Amino acid sequence: MGEDGKRKTRRGKRGGDAKKQKDIEASTETVLPASLTAPSTEYTAPPMDSGDSLFYFDTGSKDENTMNVDKEDKISPASYGLVNPDLQSYLKNCETMLDDPKFESIEDRIIFVNNVYEEMKGFELQLTTDHEGSRILEKLFRISSEYQIRRFFSLMREDTIRLVIHRFSSHTIQTLLLLSAVALERGVHGETSDLAAGAEIEGEDEVRTKMPTFEELLLELVNTLTPQWAFLMANEYASHILRVLLLVLAGNPIEDQSNPKNSIKSKRSAKYVEDRNGEPINHPSLSIQRKIPDSLTDALDQLLKTTDSSINDLVARGFTTSRVGSPVLQQMLVLQSKKGTLEQPGSLLDKCLLNLVSDPTENARRDSALKLMIDDIVGSHFLQKVMELASPKLLQTLFERYFCGRLSVLSMHPISNFVVQSLLSNAKNERQLKTMIAEIQPSAGTLLFKQRPGVVRALLDSCIRLRAGSVEIMNALYSGLGISALDERKELINLLAFLMPYKEFVNADYDQLPFRIQGSLIIQLVLQLPGDGHEPIMNSFFAQAPDRMYSWCKDPSGSRIIEAIISSEHIPLATKRQVLDQYSNKYADLAINKYGSHIVDACWKVSDMPYKEKIMIELIQREMLVQDSPFGRIVMRNCRVEQYKRRADEWRERERSLQKGKRMFKDIFDSSSTPNKRSDKKSKKSKK
């Protein structure tokens, strides 16, 4: 039967007996592979995007010990025919309840979930490969018991490879993996799901089958996927499952709610789920480091060891520029870095970098390939991760071989500038950092004014992290902004805020100048420089007219700068007090402004008791004005104005206890950091 005939075949009515079910399955003419490691010949997996890329896959090697993405090896995605229309209609009706699962009692939820599973019994795998069915299953899993999830997971074991490369069932498996991670975390703490494993209602004649644990299911999944790992890395659907599986096995955070860039789901996938009333699995355990059973840790070690040795050189290099395989490759490198096997000779990273780790001598072919990778839209992402993970020795080799003398040119490139930023922000020591600053300094002005200020920010990040290079980076900023005389430095804060050279600024209309977000971010980083690195900004701040600086408090970008000044840990309290004095008698006006209200909150946090009462009195004197503003009401609540008006003594006592607690914590942190500083000094002396 052809493909058209196969699509028209229906599975029959639900609730049929086992024999009828087998006859229906036979009528679809869908032949499952005899072995998961012996693929069928129905379907060619999507090829890697080779295009004009220098990297390609070796499809000729037949070494048994080498993983290949061989075009002759063909695995077909799972296919079980169309879903019965009656079952599909039933599940769509259930979906409305799943979108808003508000049950009167836990028993009602148990009955509802059990009824849904009973209705689709025998058709589970068919539903995973259906567009609508797979989406409904993901919603159902969220309110299912651990036993039901384990049962469904176990049903997919006999056809795992074909399911993970399927367009729809791959999402179902990904959801099961996330729920498995949550269940493992509960198990470590001796907890279980809201629906206990024994809560399902079984028929009188039915006996509950003992299901594998989540740990056993994951171990079996790893054993099944490992022989086909390279092929799955190249599959656009399976690669997402591999990434989640690696994170689950390692116990690493999977969904970082504070940073959407770290989400395992793409923006397109997240938008699709949102449009269909779906919700991501936002369990707290998915955004933290989790405890993992030793067996899973051992399985991960073995997986990394096997893939490291079996993926051949050309396949590894091909993945560096593959949109599909590169994210999995990067995740594998992160895990190898944590285990200390990243830079071993012959390792996966060594293969990707054309043996640069094992043989760093000059190689024309390798140099040409890596220079092309720097400018590649996908290869650049891979190199960014390499910069982050590289040891000081490897980073120095990469810098000297491929970036030294080219930083200015690469920084202006629309793609390679991100690799440069990663290189600069991951400088490993003071010597590397100062060398990089010296090379960037002549082109600092071009970077600031030609939409590449991120390169300067990357250098500032390293200066803050390494607590070094403050003088050098400030000289680079002076040079880029066109500041030559000492008296010109008083305009530093303006030049950075508006990202303008000095000569243009002095001839411009100040009131018409727009703030630049990148300039505001640079100022905030300069304020975090160690030692007295913040002084050039503060000297420039106090050189400005107070009314001009007050106007910044009501601007989205300008207010961020003022707030950073007040909140900076490096600026002395006496200096902050001078800033607060500039806003005396203006706190009520600031409180009713969307951006100025944040300035009032920042001033409140760094004020002592007398100054807090000064702010309080000003707010009370203009209470009606402040209470009419939604932002003002928030400020009044944060300052506890009502408590001050009713019981001023209690308010003072509470504020004193809060200040005392802050001083105690500050003393603890200071005392814990002092020995480290002393040991650093001793180590430096011993080196000398």
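J.: Could you give me a rundown of the overall build of the protein, with the residues and numbers involved?
T.: The helix and strand tally for the protein stands at 40 helices and 0 strands. Buried positions account for 48% of the 688 residues belonging to the protein. Contacts spanning at least 24 positions in sequence make up 74% of the contacts within the protein whose residues lie at least 6 apart. If you sum the accessible surface of the protein, you get close to 34500 Å²; carbon and sulfur atoms cover 50% of it.

J.: A description of the side chain of Lys351 should follow, citing residues and the corresponding values.
T.: Checked against the element boundaries, Lys351 lands in helix H17 (residues 348-352). Here Lys351 occupies a buried position and makes no salt bridge, while the nearest side chain of opposite charge, Asp313, is found at 4.7 Å. Lys351 has contacts with Asp308, Ser309, Ile311, Asn312, Asp313, Ala316, Arg317 and Gly346, leaving out every residue within four places of it along the chain.

J.: Just give me the short version of the nonpolar core, but keep the residues and values in it.
T.: Counting residues in hydrophobic clusters, the biggest one holds 180 residues, and the most contacted among them are Trp229, Phe382 and Phe403. In this view, Phe403 contacts Ile374, Met387, Leu398, Leu410, Val419, Val420, Leu423 and Glu439; residues no more than four positions away in its chain are not counted.

J.: Could you give an account of empty space enclosed by the protein, with specific residues and numbers?
T.: Enumeration according to the criterion identifies 6 cavities of 30 Å³ or more in this entry. Considering only enclosed or pocket space, the largest cavity measures out at about 100 Å³ in volume. Every residue along the wall of the largest cavity is listed here: Phe153, Met156, Arg157, Thr160, Ile173, Leu217, Glu220, Leu221 and Thr224. Take the lining of the largest cavity: its biggest share by element is 4 residues, from helix H10 (residues 214-225). A class-by-class count of the residues in the lining of the largest cavity yields 5 nonpolar, 2 polar and 2 charged.

J.: Kindly report on unusual backbone geometry, identifying the contributing residues and their values.
T.: A negative phi angle characterises most non-glycine residues, just as the trans form characterises most peptide bonds. Here the phi dihedral of Arg467 falls at roughly 55 degrees; this positive angle occurs in a residue that is not glycine. A positive phi angle, near 55 degrees, is found at Arg640, a position not held by glycine.

J.: Tell me about the packing of aromatic side chains, and name the residues and values.
T.: For the structure shown, the criterion picks out 12 aromatic pairs. A centroid spacing of 5.1 Å and a plane angle of 85 degrees characterise the contact between Phe515 and Trp552, whose relative ring orientation is edge-to-face. Taken together, the residues Phe515 in the loop between helix H28 (502-506) and helix H29 (517-526) and Trp552 in helix H31 (residues 546-552) connect sequence positions 37 residues apart. Overall, the relative accessible area of 1% leaves Trp552 in the buried class.

J.: Describe in detail the environment of Ser462, supporting the description with residues and values.
T.: For Ser462, the position within the fold is in helix H25 (residues 453-466). Residue Ser462 is classed as buried on the basis of its relative accessible area, which comes to 0%. In this structure Ser462 touches Leu424, Ser425, Asn426, Ala427, Leu433 and Arg467, once residues within four positions along its chain are discounted.

J.: Let's hear about the packing of H25 against H29: which residues, and what values?
T.: Direction vectors running N to C along H25 and H29 enclose 15 degrees, while the axes themselves pass 10 Å from each other. Classified by the angle between their axes, H25 and H29 sit roughly parallel to one another. As H25 packs across H29, the resulting crossing turns out to be left-handed. Every residue of H29 that contacts H25 at Pro453, Gly454, Val456, Arg457, Leu460, Asp461 and Ile464 is listed here: Gln518, Leu521, Ile522, Leu525 and Val526.

J.: Which residues make up the packing of helix H32 (residues 556-567) against helix H35 (residues 596-606), and what values do they have?
T.: What describes two packed helices is the angle between their axes and the distance between those same axes. Close contact between H32 and H35 brings their axes to 9 Å; oriented N to C, the two are set at 5 degrees. The angle between the axes of H32 and H35 places the two elements in the roughly parallel class. Residue-level contacts link Ser559, Ile562, Glu563, Ile566 and Ser567 of H32 to His598, Ile599, Ala602, Cys603 and Val606 of H35. Its residues assigned to classes, the contact of H32 with H35 shows 6 nonpolar, 3 polar and 1 charged.

J.: So, the side chain of Ser239: which residues are in play, and what are the values?
T.: With respect to the helices and strands, Ser239 occurs in helix H12 (residues 238-250). Beyond its immediate sequence surroundings of up to four residues, Ser239 is in contact with Leu232, Met233, Val324 and Val328.

J.: Tell me about H35, and please be specific about residues and values.
T.: Among the 11 residues of H35, 8 are classified as buried, and the element is accordingly described as predominantly covered. Of all the residues in H35, the buried ones are Gly596, Ser597, Ile599, Val600, Asp601, Ala602, Cys603 and Trp604.

J.: Which residues make up the pattern of salt bridges, and what are the values?
T.: Counted by the stated rule, this structure contains 24 salt bridges. In this structure, the salt-bridge partner of Glu653 is Arg656, at a minimum N-O distance of 4.0 Å. A residue pair is termed a helical-turn pair when its members lie 3 or 4 positions apart in one helix, as Glu653 and Arg656 do in helix H40 (residues 648-687) at 3 residues. Overall, Arg656 belongs to the partly exposed group, its relative accessible area being 43%. Through salt bridges with shared partners, a single network forms among Glu95, Asp99, Glu132, Arg135 and Lys139.

J.: Summarise the environment of Ser134; cite the residues concerned and give the values.
T.: Mapped onto the fold, Ser134 is located in helix H6 (residues 131-141). Along the primary structure Ser134 and Ile173 are separated by 39 residues, whereas in three dimensions their C-alpha atoms are 9.7 Å apart. When near neighbours in sequence (up to four residues on either side) are disregarded, Ser134 contacts Leu127, Thr128, Phe168 and Thr172.

J.: I'd like to hear about the environment of His381, residue by residue, with values.
T.: Within the secondary structure layout, His381 lies in helix H19 (residues 379-389). C-alpha separation for the pair His381 and Thr320, spaced 61 residues apart in sequence, amounts to 8.6 Å.

J.: Can you explain helix H14 (residues 294-310)? Please cite residues and give values.
T.: When the terminal C-alpha atoms of H14 are compared, their 24 Å separation across 17 residues agrees well with the 24 Å that a helix rising 1.5 Å per residue should span. Here the buried face of H14 lies against helix H9 (169-188), H10, helix H11 (229-233), H12, helix H16 (326-339) and H17.

J.: How would you summarise the confidence of the model for the protein if you had to cite specific residues and measurements?
T.: For the protein, per-residue confidence averages 82 on the pLDDT scale, and residues scoring 70 or more make up 79% of the total. Scored below 50 in pLDDT, residues 1-66 shows 108 contacts in the model against residues more than four places distant or in partner chains. With pLDDT under 50 throughout, residues 669-688 is counted as low confidence; its partners more than four residues away or in other chains account for 0 contacts.

Calculation criteria
- Residues numbered from 1 in each chain as written.
- Predicted model: local features only at pLDDT ≥ 70, side-chain atom pairs only at ≥ 80, totals over all residues.
- Heavy atoms only, no water.
- Helix = DSSP H or I, 4+ residues; strand = E, 2+ residues; numbered from the N terminus.
- Buried < 20%, exposed > 50% of the residue type's maximum accessible area, 1.4 Å probe, protein only.
- Contact = heavy atoms within 4.5 Å.
- Areas by Shrake-Rupley, 256 points an atom, 1.4 Å probe, with all protein chains shown as cover.
- Lys, Arg positive; Asp, Glu negative; His and termini not counted.
- Salt bridge = Lys/Arg side-chain N within 4 Å of Asp/Glu carboxyl O.
- Core = buried A, V, L, I, M, F, W, Y, C linked by side-chain atoms within 4.5 Å.
- 1 Å grid on protein atoms, 1.4 Å probe; cavity = no way out; pocket = protein on both sides within 12 Å on 5 of 7 lines; lining within 4 Å.
- Points joined across faces, edges and corners; volume = space filled by probe spheres on them.
- Nonpolar A, V, L, I, M, F, W, Y, C, P; charged D, E, K, R; others polar.
- Phe/Tyr/Trp six-rings, centres within 6.5 Å; stacked < 30°, edge-to-face > 60°.
- Axes fitted to C-alpha atoms, helices over the stretch in contact; angles between N-to-C directions.
- Parallel < 35°, antiparallel > 145°, perpendicular 65-115°, else oblique.
- Left-handed = near helix turned anticlockwise from the far one by under 90°.
- Expected span 1.5 Å × (residues − 1).
- pLDDT = per-residue confidence, 0-100.

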